[in-house]
Each structure stands twice: as C-alpha cells, then as structure tokens.
Amino acid sequence: MGERVPATRTVTASPATTRRRRRSFVSTYLTPKRGIPRRTIAILGVLGFVVILTVWTIVAILTYNKDVPAEVQLVPRPDVVVVAWVDMVLHLGFLADVGWSTFRIVAGFALAALIAVPLGLLMGSFEIVRAFFQPPINAIRYMPASAFIPLLILLQGLGETEKLTVIWIGVFFQLVLMVMDIAHRVPTEMLNVAYTLGASRWTVFRKVFLPATFPEVVDSLRITMGWAWTYLIVAELVAAQAGIGNFILIAERYFRADRIIAAIITIGILGLITDFLFATYHRWAFPYVEKVQG
Amino acid sequence: MSEIRLVDVAMRFTTGKRQVQALERISLTVPDGQFACIVGPSGCGKSTLLMVAAGLTEPSEGEVLVDGRAATDPGADRGMVFQSYSLYPWLSVRRNIEFGLEIKRLPRTQRQQRSSELIHLMKLDGFAEAYPKALSGGMKQRAAIARALANDPQVLLMDEPFGALDAQTRQIMQELLTDLWQRYRKTVLFVTHDIEEAIFLGDVIYVMTNRPGRIRTTLRVDLPRPRTFEMVSSPQFAELRNQVIGIIHEESLKAVESELARA
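Predicted model, so just to flag it, every value in this text is computed and none were measured. (Residues numbered from 1 in each chain as written. Chains lettered and ligands numbered in written order. Predicted model: local features only at pLDDT ≥ 70, side-chain atom pairs only at ≥ 80, totals over all residues. Heavy atoms only, no water.)

### Quick notes on unusual backbone geometry
Cut-off, in case you're wondering: Counting from the N terminus, the helices are DSSP H or I runs at least four residues long and the strands are E runs at least two residues long. Categorising residues by exposure relies on relative accessible area from a 1.4 Å probe, with only protein chains included: less than 20% of the type maximum marks a residue as buried, more than 50% marks it as exposed, and the intermediate range marks it as partly exposed.
In this model, Arg225 of chain B is joined to Pro226 of chain B through a cis peptide bond whose omega is -10 degrees. Within the fold, Pro226 of chain B resides in the loop between β10 (215-220) and α8 (235-262). Residue Phe255 of chain A is not a glycine yet carries a positive backbone phi of 55 degrees. Considering the arrangement of structural elements, one finds Phe255 of chain A in the loop between α10 (244-253) and α11 (257-285). When its relative accessible area of 61% is taken as the criterion, Phe255 of chain A is described as exposed. With a phi angle near 65 degrees, Tyr85 of chain B is a residue other than glycine that sits in the positive phi range. Residue placement: Tyr85 of chain B occurs in the loop between β6 (78-81) and α2 (93-97). The class for Tyr85 of chain B is buried, based on a relative accessible area of 15%.

### Regarding the environment of Arg111 of chain B
Residues and elements named next belong to chain B. Spelled out, the test is: Any two residues whose heavy atoms approach within 4.5 Å are treated as being in contact.
Relative to the elements of secondary structure, Arg111 occurs in helix α4 (residues 108-121). Judged by relative accessible area, Arg111 falls into the buried class, the value being 13%. Between the C-alpha atoms of Arg111 and Arg18, which are 93 residues apart in sequence, the distance is 49 Å. In this structure, Arg111 is in contact with Glu98, Leu101, Glu102 and Leu106, ignoring residues within four places of it in sequence.

### A short note on the side chain of Thr224 of chain A
Residue and element names in this part refer to chain A. The condition that has to hold: Side-chain atoms alone can form a polar contact between residues adjacent in sequence; in general such a contact is a pair of N or O atoms within 3.5 Å, and within protein one must be able to donate a hydrogen while the other accepts it.
Here Thr224 is to be found in helix α9 (residues 201-238). Residue Thr224 is classed as buried on the basis of its relative accessible area, which comes to 0%. Looking at Thr224, its side chain comes within polar contact range of the main-chain oxygen of Ser220, at 2.8 Å. Here Thr224 is in contact with Phe109, Val171, Gln174, Leu175 and Met178, once residues within four sequence places are set aside.

### Section: the interface of chain B and chain A
This is how it is decided: Two parts placed together each lose some accessible area; with a 1.4 Å probe, that loss summed over both constitutes the buried area. A pairing counts as a salt bridge when a side-chain nitrogen of Lys or Arg comes within 4 Å of a carboxyl oxygen of Asp or Glu.
Counting residues at the interface gives 26 residues for chain B and 20 residues for chain A. Interface area, chain B with chain A, both sides summed: about 2,000 Å², of which 66% is carbon and sulfur. Considering only the surface of chain B that becomes buried against chain A, Trp90, Ile103 and Lys133 of chain B emerge as the three largest contributors, covering 31% of it. When the shortest N-O distance is used, the salt bridge between Glu102 of chain B and Lys207 of chain A registers 3.2 Å. At the surface where chain B touches chain A, the tally comes to six residue pairs in polar contact (both at pLDDT 80 or more). Going through the elements one at a time, α1 (46-54), β6, α3 (99-103) and α5 (137-150) of chain B are the ones with two or more residues in the side of chain B that touches chain A. With four residues, the single largest contributor to the side of chain B that touches chain A is α3 of chain B.

### Some points on the layout of surface pockets
Residues and elements named next belong to chain A. Keep this limit in mind: A pocket here means an open set of points on a 1 Å grid, computed over the protein atoms alone, that has protein on both sides within 12 Å along at least five of seven lines. A cavity is instead a set of points where a 1.4 Å probe fits but cannot get out; residues with an atom within 4 Å of a point line either one. Grid points are joined across faces, edges and corners, and a volume is the space filled by probe spheres set on the points. Side-chain classes follow a simple rule in which Ala, Val, Leu, Ile, Met, Phe, Trp, Tyr, Cys and Pro form the nonpolar group, Asp, Glu, Lys and Arg form the charged group, and the remainder, Gly included, forms the polar group.
In this structure, the largest pocket occupies an estimated 850 Å³ of space. Around the largest pocket, the lining is made up of 31 residues, and of these Pro215, Tyr288, Val289, Glu290 and Lys291 lie nearest the centre. Those elements that provide at least two residues to the lining of the largest pocket are α7 (160-185), α9 and α11. Looking at which element gives the most residues to the lining of the largest pocket, the answer is α9, with five residues. Residues that form the lining of the largest pocket fall into these classes: 17 nonpolar, five polar and nine charged. Approximately 600 Å³ is the volume found for the second largest pocket. Among the secondary structure elements, those contributing two or more residues to the lining of the second largest pocket are α4 (94-125), α7, α8 (188-196) and α9. Along the lines of polarity and charge, the residues of the lining of the second largest pocket split into twelve nonpolar, five polar and two charged.

Written as structure tokens, this is what we have:
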C-alpha cells in the first residue's frame, strides 16, 4: 500500500489541470483522523526515542556529581547504562536472574491460564456456572495481588510456590472475567445456525463456540501476560534469592542506578518479545480475523 | 412431501412484572414447494415466529409440525438463514457450505461435489478457499444460503435475509433466490418487512398485525412464474402492493396509538 489518498480528493481527468495541488502543513497533518504518509510515521516513531534519550542525557549532565564515579551517579548517562548491562551479563550472572524471572512468569501464568480459560468459557456459556463463580471472583479481583504477598510468605514461606501464587492471583481473576466476556459475546445466531444444520449441543460447543472464542482468548492472554511481569517484580522485590526484582533490590543497596535502569529496560524488552510472540502466533493461527485498525 | 405447519402457536414473555403477548394463536400451513412470506410492522413478532418454526424457541402454546410430525427441537430438516449471515469466520467459504454435510459425516468427495455445485450456482467461483472476511455483504449472504441449501433441508426458513444489503444488491439477490426456488422447489417460509420483496418472491403473503402478533390477512400472489424483474412495474404488482401497504399502515398506526396510550 502506497501513500494513502484522502477520500475527499477527486482526480481531474483533463491533462491541463493535472498539476498536483500542494497541501498545506495543517491540512496534511492536522486533519483529525486523516492518515499521514508512511515515511512520516516511521520518522516520528524513531524521533520519540531520540527525544527521550536526549532529555535523559541532558538531565544526566546537569545532575552530574564530579565527586563520585560515573556508574554511581544518581542519573547515569545512557552509555553508562549500556556498559552496566554488559557488565551485568558478563560478570554478575544477570542472565540467570532473567532465567529465574522468566521461569516464574511462564509457570505462574500457565497455571493461571490453564484454569482461567476453561472456567471463563464455562462461565460465559452456562448461566449456572456464572451465577456461582462470578460474585466471588468479582470481589477478589479488586484485592491487589501484591497485598497478598505478606500473607503468602506466612503461609508458603519464601520459596517458588509463593512467587507463582502471587502471579497466579494477579492473572487468574482478571483473565477469567475477560474470557467470560469473550464467551458471552459469541453471537447466538452463530450457534443457532449450527443447530439448524443438524448439530448437537456438543458439536455446537466444539465446532462453533470454541473456535469463535479462540482469537480473542489469545488476545486476552497477551494482555494479562504484560500484567504478570508487574506482579512478579513486586514479589521478587519483597523477598527472593534470585530474579530480576531481586537483582534490582541489591543494586539499590549499592547505589547503582545504572544497573537498576539496565534491569528495568531488560524487563521492557522481555515484555516486547513476549508480546511479539503472541502477535506472531495470532497472525499465524487466525489469518481469518478481520483486522481492526488501531 | 415437505410441508410445515404451525398450529395455534402462542408466545408470551414476562418482562419484569408485565406479561407481554408476543404471538397470539397463529396457525398456518406452508404446503410442499410453496414460497410463503410473512410481512408485518417491526416488532410484530415475525422473527419470533420463525424462531419457533425452526425449533430454536419454544412456544408458550401450540406446536410445529413438519410433514405431520411434531418438531420440538431444531434440526437439519429446517434450514435457517439469518439477516446477519452468521458465516463462520474461521472456515473458508467451501468449509462453511460443507458444515452441515460434515456433521452428517458425508464422505469428502460427495461433500466437495455438492459444495462445488453450489459455489458455482451462487456465483462464488474463485472464492471457495477465501475466508468470509474477503466477501461483500451480498456474497456472504449467498454463501449462507448455499450453506443452508447444501444440507437439502425439507423447509427453508429465512429471517430478513436481505435486510442488511443495499437496494441494488437486494434486488439481485431476490432474482437469484427466485431462480433458485424455481430450480429446487423448496418449501420456504420467508420473513421480511419489505412488501415488494414479499410480493416478488412469494406465492402467499401472510400480513401480521402489531403486538400481539396475529395473522391479519392472507394474500395469494397470482403473478406468473418464473418471476422476472419486469413484473415489479406491472399493474397487478402495484395493486397487490397498495393492498398490503394499506393493511400495514393501519397496523403501524395502531402500534403508535397503543404506545401513546401506554405512556
């Protein structure tokens, strides 16, 4: 797809008047909801990062304290952070921490999804299941997962079970309600058509209801996966022997803002990677979904 | 022989404390191979009536008979086409059309033969392997009709199938449907609010009253078959149209009045 032509512009056929009218800056870029050239979008996207890095560098230079080394500055320069990251990976076993955190995320998230998705689907399709589960789940949803941490430490100690439970609580109650909504939104007519084609209840469930929910369920997994990171880091900050959160806590004790920032950026990148994986899977598994712009 | 018969079908809903009589003792018979249309003001319960005929909604009273046998549950004997197409987006056009045949466990070659035939008949050539998202509204509805026909139902129930289409597409679809009917001679019960559509397609028109829905008048459409587009401008067509418009107008006025009285 090339440059988008606004629908309002009509092309005149006569060769004498084919000279393209120059559009003003305002009409090209500041008409609400009108598309702008592809290249401009790309440039602006890069520019966003450049601005952040520039502001960061300026603040680092302004707050520079010449009495302490570069890596213990309260606001370290971006290049110092990059050096810190390499050092963390090579000498501080940071990748092991990343590994621990990733394991906890994947395990905790999988345990939550494994129960939340089937239960959500059942709640969305059977009123009898919804009536029983929805009120308590709705209530618990508003209890922050992080508030459970002290209680979980009392009950489960400081081991992995406690970390997984925090993630489980944080993900499960949100996910189950999201999946329930998805199931509830499946158009009744889609199911009715199947009945009039001779399908049994079980066939309708298996061949119509389930496939109708899949794409959106994967979307909801993608969204809740992002939240799982937040709960994990909180759990690790409170008490852990390893993990990115634990690494950040130790870095703080040594006034190493560079390492903290490097660790935070690592989490961001890990988040982007999982998001990318989900998006790729979605495109591959559900090529039939109509793309909604956004 | 495939006739569908509705016997004293009544429908009541309770909304809050109020009981609403949606349908009041409706009886009608669509004999084998007849194309019957139901027209009426919006909210008269004509879609509900079709849901009852399909077995998708249980009537408060009365019963539905297909070839004299009571039909309480939905089944492959009564195929249904909805206004919203309701194609399965995750299946190709071909797999959508074969959906009912797959349920019947028809062998693959027979399935494909049947779907290929219908794809051609419905002018969907070249779109067999496309997903519904690639189809226009008219094509989607042609695929949905093909899906219903593939199953070879005894009765075809259609709930405002062309209601969501633009005027030009609707006309083409009406011509296509009348050709199809000419070919397959299915027993059809067709619900619409479009009077001209009902006259163009139907052998019989049941005009329904406002809530509680009853059949106010039964009109025979004696236009010759096969129907062609030119008939729409014939004096006979105009006369039928005026007759139906008069009845429906009267009913719509009653609806407004009863709403005012309630307010």
